[in-house]
Each structure stands twice: as C-alpha cells, then as structure tokens.
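# Remarks on the overall topology
Spelled out from the first residue to the last, the chains are:
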Amino acid sequence: MPSLPTSSLAGTLLRHGAVTLTACLLITAALTAAGKGPWDVNLVYSLAIGLISWLTIDLARLRWRQSEEIPWPRGLRGPFIVVLGIALGFGFGSLIGQSYIRVLRPELQQAAPPSMLFPMAITIATSILMSWGFYVVGKARHLQMQAEQAQRQAAEARLGLLQAQLEPHMLFNTLANLRVLIGSDPQRATHMLDHLIAYLRATLSGSRSGTHSLQAEFALLADYLALMQIRMGPRLSFALDLPESLSQLPVPPLLLQPLVENSIRHGLEPQLAGGHIQVQARQMGENLQLSVSDNGCGIDQDMSTSPTTEGSRFGLEQIRERLSTRYGQVATLELRAASAGGTLATIQFPLNPASP
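Let me sum up the structure you'll find in this document. Remember, it's a predicted structure, so these values are computed and weren't measured experimentally.

### Overview of empty space enclosed by the protein
One pass over the structure, following the stated rule, counts one cavity of 30 Å³ or more. When its volume is computed, the largest cavity comes out at roughly 80 Å³. Lining the largest cavity are 11 residues, and of these Leu 259, Asn 262, Ser 263, Leu 335 and Thr 343 sit closest to its centre. Contributing elements (two or more residues each) for the lining of the largest cavity: helix H7 (257–268) and strand S7 (343–350). The dominant element in the lining of the largest cavity, judged by the number of residues it contributes, is H7, at five residues.

Here it is as structure tokens:
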C-alpha cells in the first residue's frame, strides 16, 4: 500500500471530518425544524450515522487508493466502499441512537417507532454526495499538482536552453581573444588557455545542476576576471565582496558573468587606462541584491532596454529571461550610470523564492 506523509493524511481526515460534522449539524437542524423528533435524538442519530459512514469510507479509500496522487480505489472498489460506509453507518448509528433513547430518553420508547425510510434516504443521499464531492476535490487537486509539475519541468527546460545559449557566447568571445594572443604573446596565451580550461571545468557541474552556490558563482567570476587580466594586464583590477552568511545561497550559474563582460567591453576597454570592477552581494530585507559596478566610460542610457551592441543585447536579454523564468516578476535587473562615473548593474530577487 502506498504511504502518505502523516501530516498530509491527518490534514485530509480533519478536513473531511469537519465537513461531515457540519453536514450532520445541518441535517439535525432540518429534521428538528420538520418535526421529525427531539433535537437531541436527531443530533445523536445524525452524528452516529454520519461519522461512522465517513470514517468507513475515508479510511477504506485511503487503504485501497490507486496511488499517493490519486486517493481513491480503482474500478468497483470505489462504489463498494461507499455502499459499505452507508450500511455500517446506518446500522451501527441506528443502534447508538436506540441506545441513547433507551438510557437517556426512556419516555420516547412508548411512542410509535418512526419510519426508517426518511433517515435511510438522507443517509444514502448525503453519503453519496459527500463522497462524490471529496472525489472531485481530490481529483482537481491531483490535476493541479500535475499542471504545476509540468510548469516546473517546462521552466527547468527553458533555463537549460537559455544557459546553453549563454555559455557558447562567453566561450566564443574568449577564444577570439585567445586567437589574438597566440600570435602576439604565446606565453600569455598559454596562461589564458590554462585559466580557460579551469573555468570550463568549474562550470560543468553548475550547468548540469541548474543552480549552484553564490560562493561558486563568485569563484567563476574570479576565474573569468583572471582570464581578462591576462589579456588586459594592469589596465584591469577587480574586487569581489561576498559575505560569508550569503555564500551558500543557490543562484543560476553564470548569472553575473555577462554583466562583468559588459563592464569590460563597454566601460573599461575603451579607456586607455582601463579601470576597476567591483562585484558585491548584499542582503536587502527579504531580498538578495547582486551588483556589478565599474569606473569606466559608461554605456548608453538606453543599453538596459534596447542596446545597440549585439553581445550586450544577448547577455542582458538572457539574464532577464532566466530571472523571469526562475523567480517571476519579483526579480529585477537594473542598469544605470554610477554616481562616481561608470556603470552600475543591479540584480535583485527574494532570498527564499517559491518553486517555479
């Protein structure tokens, strides 16, 4: 038999029990208002019959359910346990009601025995309607879980595709730089190739998992910036600022690398003196803020929404799509001029986002 988590099983039984109790009270009020007997007798009969029927049906359908996702038996077992619940509920519930009259309301024993047709009809109708309602709600919940799972799988597939597009983009740019160095400075080209191999080896595990720690993301940035330092020499300096408390937070791989690449291409390389890049991670309330700033010559103000450079357009669009796919509308990417000159790119999303 499939096993459900204890908390889930208890929660389901409590919800169904509360609905059954409410139905029993409504039936008691209706019978009393129709003059079908004293309220206390109606209450005992209703509760005894209703609760026994509910427990029989609910426990039996959980015992013989198809799977953890479909909590109802397959084939004729479903109708059978409903009939069984009705029979046991009416039989034992009637005995409890009669015992109540005999012990606590003996004066009613002298009255003519009431017809059992009406209580039987109520028991049958109520049990069938409530069982059908529980079945429909359970099926709807199962379909909703399937739809959510399909959405998560589609989101994961989309993230994989976006990342697969992004990594070759970075690789092609690096190989183009490497080709230039092979002719002009073979020793620096060798060092650059060594760093590139280490960088690609480190990205392999992250690309397979879909996420890695923020510490691993900063380590990849360190490798990438080391590659760029070989090409630019003293014209490039950088600082990485990651608080220890944030180091193990999961983030998509290569989330910050396109922003660092944009800072180098559009901010520092055009300057004769080069410049400095700083990457920071900060907790802002319930959000994680990642920033990449430089003191370069800056970029066009419309770069954040409609960049004219193909590489920049590609990198920024991929970041926005990856953020939207994984975090939804709560994630943001802003690109603006820094107060001290240069460019500041900021990514922000919840520290504990819901599953996509």
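### A few points about the pairing of S7
On a regular strand, each side chain points to the face opposite its neighbour's, so the side chains alternate between the two faces of the sheet. When you tally the buried positions in S7, you get seven out of eight residues, the bulk of the element. Taken together, the eight bridges between strand S5 (residues 287–294) and S7 define a ladder with antiparallel strand orientation. Bridging from a neighbouring strand, Asn 287 pairs with Pro 350 of S7. As paired elements, strand S6 (residues 332–337) and S7 share six bridges and run antiparallel to each other. What sits directly across from Glu 334, in S7, is Thr 346.

### Topic: the sheet that holds strand S4 (residues 275–284)
Judged by pairing direction, the sheet is mixed, and its five strands sit side by side in the order S2-S4-S5-S7-S6 without closing on themselves. Since the sheet does not close on itself, it has two edges, and those belong to strand S2 (236–241) and S6, each with one partner. In this sheet, neighbouring strand axes are inclined to one another by 15° on average, regardless of whether the strands run parallel or antiparallel. Note that S2 and S4 share six bridges and pair parallel. Counted as the bridge partner of Leu 236 is Gly 275 from S4. The sheet contacts of helix H6 (residues 214–232) involve S2, S4 and S5, and relative to S2 the element is tilted by about 175°. Here H7 sits on the sheet in contact with S2, S4, S5, S6 and S7, set at roughly 145° to S4.

### Thoughts on the nonpolar core
Core analysis: the largest hydrophobic core is formed by 44 residues, its most contacted members being Ile 347 and Phe 349. The dominant element in this core, judged by the number of residues it contributes, is H6, at 10 residues. Sequence-distant contacts of Phe 349, that is, excluding residues within four places in its chain, are made with Val 251, Leu 255, Asn 287, Leu 288, Leu 290, Leu 323, Tyr 327, Val 330 and Ala 331. Counting residues in hydrophobic clusters, the runner-up holds 10 residues, among them Ile 57, Ala 60, Ile 86 and Phe 134.

The rules we used
- Residues numbered from 1 in each chain as written.
- Predicted model: local features only at pLDDT ≥ 70, side-chain atom pairs only at ≥ 80, totals over all residues.
- Heavy atoms only, no water.
- 1 Å grid on protein atoms, 1.4 Å probe; cavity = no way out; pocket = protein on both sides within 12 Å on 5 of 7 lines; lining within 4 Å.
- Points joined across faces, edges and corners; volume = space filled by probe spheres on them.
- Helix = DSSP H or I, 4+ residues; strand = E, 2+ residues; numbered from the N terminus.
- Buried < 20%, exposed > 50% of the residue type's maximum accessible area, 1.4 Å probe, protein only.
- Pairing = 2+ DSSP bridges.
- Axes fitted to C-alpha atoms, helices over the stretch in contact; angles between N-to-C directions.
- Contact = heavy atoms within 4.5 Å.
- Core = buried A, V, L, I, M, F, W, Y, C linked by side-chain atoms within 4.5 Å.

From the geometry alone we can't say anything about function, so treat these as descriptive.
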